[in-house]
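Structural description and commentary
Below, each chain spelled out in residue letters.
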Amino acid sequence: MKILVTGGAGFIGSAVIRHLIADTDHAVVNVDKLTYAGNLASLGEAAQSDRYAFEQVDIGDADALRAVFDRHAPDAVMHLAAESHVDRSIHGPADFIQTNLVGTGVLLEVARSYCETLPAERRAAFRFHHVSTDEVYGDLEGPEGLFTEDTPYAPSSPYSASKAGSDHLVRAWHRTFGLPVLVTNCSNNYGPCHFPEKLIPLIILNARAGKPLPVYGDGSQVRDWLYVEDHARALVTVLESGTVGETYNIGGHNEHRNLEVVERICALLEELAPAHPDGVARYADLITYVKDRPGHDLRYAIDAGKIERELGWRPRETFESGLRKTVQWYLDNDAWVEGVTSGAYREWTSHHYGMD
Ligand code: NAD
Ligand code: DAU
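My aim in this report is to walk through the structure given alongside it, one point at a time. All values derive from a computational prediction rather than experimental measurement. (Residues numbered from 1 in each chain as written. Chains lettered and ligands numbered in written order. Predicted model: local features only at pLDDT ≥ 70, side-chain atom pairs only at ≥ 80, totals over all residues. Heavy atoms only, no water.)

Considering the site of ligand 1
Quick reminder of the rule: Whether a residue is near a molecule or strand depends on its heavy atoms: it is near if one of them lies within 4 Å of it. Identification of polar contacts relies on pairs of N or O atoms within 3.5 Å, with a donor-acceptor requirement for protein atoms, meaning one able to donate a hydrogen and the other able to accept it, and with residues adjacent in sequence counted only if both atoms are side-chain atoms. Residue burial considers only the protein chains on display, and all accessible areas are found by Shrake-Rupley using a 1.4 Å probe. Strands are runs of DSSP state E lasting at least 2 residues, helices are runs of H or I lasting at least 4, and numbering of each runs from the N terminus. Residue classes follow a fixed rule: Ala, Val, Leu, Ile, Met, Phe, Trp, Tyr, Cys and Pro count as nonpolar, while Asp, Glu, Lys and Arg count as charged, and any other residue, Gly among them, counts as polar.
Lining the immediate environment of ligand 1, one finds 28 residues, of which Ile12, Asp32, Ser84, Tyr159 and Lys163 sit closest. In the model, an oxygen atom of ligand 1 is placed 3.0 Å from a nitrogen or oxygen of the Phe11 main chain. With respect to ligand 1, the backbone of Asn189 contributes an N or O atom lying 2.9 Å from an oxygen atom. Expressed as a share of its isolated accessible area of 840 Å², the protein-covered part of ligand 1 is 97%. Secondary-structure elements contributing two or more residues to the shell around ligand 1 are helix H1 (11-23), strand E5 (127-133), helix H6 (158-177) and strand E7 (188-190). Top element by residues in the shell around ligand 1 is E5. It accounts for 3 residues. Tallied by class, the residues present in the shell around ligand 1 amount to 13 nonpolar, 11 polar and 4 charged.

Spelled out as C-alpha cells, the structure:
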C-alpha cells in the first residue's frame, strides 16, 4: 500500500515512517511544510529508501495537495501534521486554528474528492487515519479514572480545542460523505527526535547545559507516557486492521507526576553522564519551580483496552526502559540537537525558558 503521511518530518511522523520503511513493505509519501518542528534529519536511513518520497507542502494549500494526490495516487492517508505544543498555543493560537482545524478541513476535502475518483475496489479499501490526542478529553480529577473512547470531549487549551475540532471534522466526513476514516487518540509520547520544547527533551538538554529545569506549578500534574516507537506500531496496526469509523485510544499505562519524571531524568544523567556542567553538584539541584501553565490539565490517563483486545497491540517499552533509551539517545545525538536548536526555536526557548 502507498501511504501519504502528513507531518512525517515531526517527532511521531518520523517514527511512523522509519517503522513503515524498516518493518513493512508499504511505500510512503511524506507531506510536510517543514515548520520549526519539522526536521528531515529525523527520517534517518528511511529517506534513502526507494519506497520513500517527500513533498514540502502546507496541508492548508488545496491546489498543492491535489497535485500531490494526483502525482502519487495513495491508498491511505495518515494525518499527523499539526501544531503540537500547548504552551505555544497559549501564546499564539492562530497557527493552531489554521493548521489543525482549517488544514485538516482542506485535507479532508482533497482526500474525499480524490477517493471518489478511485475505482470501486480501491475506494472501498481507502483509509483516512486521523492521529489525535487524549487532550481532547480535558483532564481527570483525582487519582482514579481513565479516558475511554466514550469520554465526552472537554478540551482546555487552544491546542486541544483545535485537535478536538479536527476530530469532529473527520467523523463528520465519515458520517456525511462516507469517507472511510479511523481516529486514534494517544497519550504523551517520548523518545528520540522529540523537539526540545517538550518536557522530557527540554529537561535532558537543560540539565546537560547546567541550566534551570523548569517545573510548572508544584509538578504534581500527571501524564501517561508512551514510547514513540510503540505509538508508531499502534498507528500502523490501526491503519491495517482497524474498523472503519471507529476510534482507538492508545496509551502506555505509565502514569507519572511531572516532578517524578524530572527527578528520574536527573538520576539517569547521574549514571549516564556523571561529568556535571561547571558549578553543578547534582543535576537535581537545577530543578526550578516556575509559574504554572494557564488552564493546566491535572491528570491524563488512557484506557487502551480496546486496541489491546481488538487489534492485539501492546506497548513493548516500560517507562524505565524507554526513558533510559531516550536519555542515552540525546547523549549520543548532539548533531541532531544542534540541527534543531537554531532560529525560531532559539528565540522561543530563550524568551520562555531562559535558554540561549
Ligand atoms: P511535531 O510538532 O513534532 O510535528 C508536527 C509536524 O507537522 C512537523 O514536521 C511540521 O513541520 C508539520 N506541520 C505543521 N504544520 C503543517 C502544515 N500546515 N502542513 C504540513 N505540515 C505541517 O508533532 P508530533 O508531536 O509529532 O505530533 C504529531 C501528531 O500527533 C499531532 O497531530 C499531535 O496532535 C498528535 N499527538 C502528539 C502527541 C505527543 O505526545 N507528541 C500525543 C498524541 C497525539
Ligand atoms: O497528551 C498528549 C499531548 O502530550 C500531545 O497532544 C501534545 O502534542 C504533546 O505536546 C503533549 O502535551 P503536554 O502539554 O502534556 O506536553 P509537554 O511536554 O509540553 O508538558 C508535559 C507536562 O510537563 C505538562 O504537565 C506541562 C509540564 N511542563 C512542561 C514543560 C515544557 C513543565 O512542568 N515544565 C516544562 O518546561
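Here's the deal with the packing of aromatic side chains
The geometry of two aromatic rings is summed up by the distance between their centres and the angle between their planes. Let me state the cut-off plainly: Any Phe, Tyr or Trp ring, taking Trp's six-membered ring, that has another such ring centre within 6.5 Å forms a pair; planes under 30 degrees apart are called stacked, those over 60 apart edge-to-face, and the others tilted. Burial classification: accessible surface area is computed with a 1.4 Å probe over protein chains only, and a residue below 20% of its type maximum counts as buried, one above 50% as exposed, and the rest as partly exposed. For a Lys NZ or an Arg CZ to count as sitting over a ring, it must be within 6 Å of the ring centre and within 35 degrees of the ring normal.
All told, the structure shown has 15 aromatic pairs when counted by the stated rule. Taking 5.6 Å as the distance between ring centres and 90 degrees as the angle between the ring planes, the aromatic pair formed by Tyr137 and Tyr153 counts as edge-to-face. Residue Tyr137 is found in the loop between E5 and H6, and its partner Tyr153 is found in the loop between E5 and H6; the two are separated by 16 residues along the sequence. Ring geometry for Trp329 against Tyr330: centres 4.9 Å apart, planes inclined by 80 degrees, an arrangement best described as edge-to-face. Of the two residues, Trp329 and Tyr330, neither departs from the other in class, the shared state being buried. Grouping aromatic residues by their ring pairs yields a cluster made of Tyr137, Phe147, Tyr153 and Tyr300. Across from the ring centre of Tyr36, 3.5 Å away, lies the NZ or CZ of Arg88, which sits over that ring.

Section: the sheet that holds strand E9 (residues 222-227)
As a reminder of what qualifies: A pair of strands is labelled paired if DSSP reports no fewer than 2 bridges between them. Note on method: axes are straight lines fitted to C-alpha atoms, helices fitted across the in-contact stretch only, with angles between N-to-C directions ranging 0 to 180 degrees. Two residues form a contact once any of their heavy atoms are found within 4.5 Å.
In spatial order, the strands read E7-E9-E11; together these 3 strands make up an open sheet with mixed pairing. Only two strands of the sheet have a single partner each, and these edge strands are E7 and strand E11 (255-257). On average, each strand axis in the sheet is inclined to that of its neighbour by 50 degrees, with strand direction left out of account. Packed onto the sheet, helix H9 (residues 258-272) meets E9 and E11 and runs at close to 85 degrees relative to E11.

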